[in-house]
Amino acid sequence: QVQLVESGGGLVQAGGSLRLSCAASGFTFSTYAMAWFRQAPGEEREFVAGISWSVGSRAYADSVKGRFTISRDNAKNTVYLQMNFLKPEDTAVYYCAAGTTIGQLKGRSYENKYWGQGTQVTVSS
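Residues numbered from 1 in each chain as written. Predicted model: local features only at pLDDT ≥ 70, side-chain atom pairs only at ≥ 80, totals over all residues. Heavy atoms only, no water.

1. Digging into the overall build of the chain
- Counting secondary structure elements, the chain contains one helix and eleven strands.
- Reading the secondary structure of the chain in the N-to-C direction produces β-β-β-β-β-β-β-β-β-α-β-β.
- A globule of 125 residues ought to have a C-alpha radius of gyration of about 14 Å, and the chain, at 13 Å, matches this closely.
- Along the first, second and third principal axes, the C-alpha set of the chain runs to 40 × 25 × 25 Å.
- Burial status across the chain gives 44% buried among its 125 residues.
- Sequence separation of 24 or more characterises 58% of the internal contacts of the chain that already satisfy a separation of 6 or more.
- Accessible surface computed for the chain: about 6300 Å², of which carbon and sulfur atoms make up 47%. (Helix = DSSP H or I, 4+ residues; strand = E, 2+ residues; numbered from the N terminus. Rg over C-alpha atoms; globule rule 2.2 N^0.38 Å. Buried < 20%, exposed > 50% of the residue type's maximum accessible area, 1.4 Å probe, protein only. Contact = heavy atoms within 4.5 Å. Areas by Shrake-Rupley, 256 points an atom, 1.4 Å probe, with all protein chains shown as cover.)

Take a look at the structure:
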């Protein structure tokens, strides 16, 4: 049974930090590119950050560049999102997803292979 389980969300003040984790099971994690997406109330889900299966490539949305860092540990089947200097506009449900490449994850998210259930991040001003 495939599972992607996000954790680490919560309430934080603007300027603070959070670290999200996504634990994967039921598939060969090390062969998939992974990404984080987010969806704010009334908004469409958007790509936040992606990382290749080999950790050789990363990509970020312009809105989070320089503040967020995506990483993965293939030995632990886990992908992380370190979020620093958080802003109220970062408030959203954050989802992890697995796909074939960063390009596919970013540009054709409808083709994403697996999705997690999401974790809420709320940034207060």
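2. Description of the pattern of salt bridges
- Tallied over the full model, the rule gives five salt bridges.
- Here Asp90 and Arg38 are joined by a salt bridge, their closest N and O atoms 2.9 Å apart. A residue pair is termed long-range when its members are at least 10 positions apart, and Asp90 in the loop between strand S8 (78-83) and strand S9 (92-99) and Arg38 in strand S4 (residues 33-39) qualify at 52 residues.
- For the salt bridge of Asp62 with Lys65, the shortest nitrogen-to-oxygen distance reads 3.2 Å. Lys65 matches Asp62 in its accessibility class, with the two residues each being exposed.
- Linked by salt bridges that have partners in common, Arg38, Glu46, Arg67 and Asp90 make up one network. (Salt bridge = Lys/Arg side-chain N within 4 Å of Asp/Glu carboxyl O.)

3. Regarding the environment of Glu89
- In this structure, Glu89 sits in the loop between S8 and S9.
- Sequence separation between Glu89 and Ser125 is 36 residues; the distance between their C-alpha atoms is 9.6 Å.

4. Concerning the packing of aromatic side chains
- All told, the structure shown has six aromatic pairs when counted by the stated rule.
- Here Phe27 and Tyr32 contribute two aromatic rings whose centre-to-centre distance is 5.2 Å and whose plane-to-plane angle is 90°, an arrangement assigned as edge-to-face. Each member of the pair, Phe27 as well as Tyr32, is classed as buried.
- Judged by relative accessible area, Tyr32 falls into the buried class, the value being 18%.
- Note that Arg45 overlies the ring of Tyr95, its terminal NZ or CZ placed 4.8 Å from the centroid.
- The aromatic ring of Phe29 is capped on one face by Arg72, whose charged end is 4.4 Å from the ring centroid. (Phe/Tyr/Trp six-rings, centres within 6.5 Å; stacked < 30°, edge-to-face > 60°. Lys NZ or Arg CZ within 6 Å of the ring centre and 35° of its normal.)

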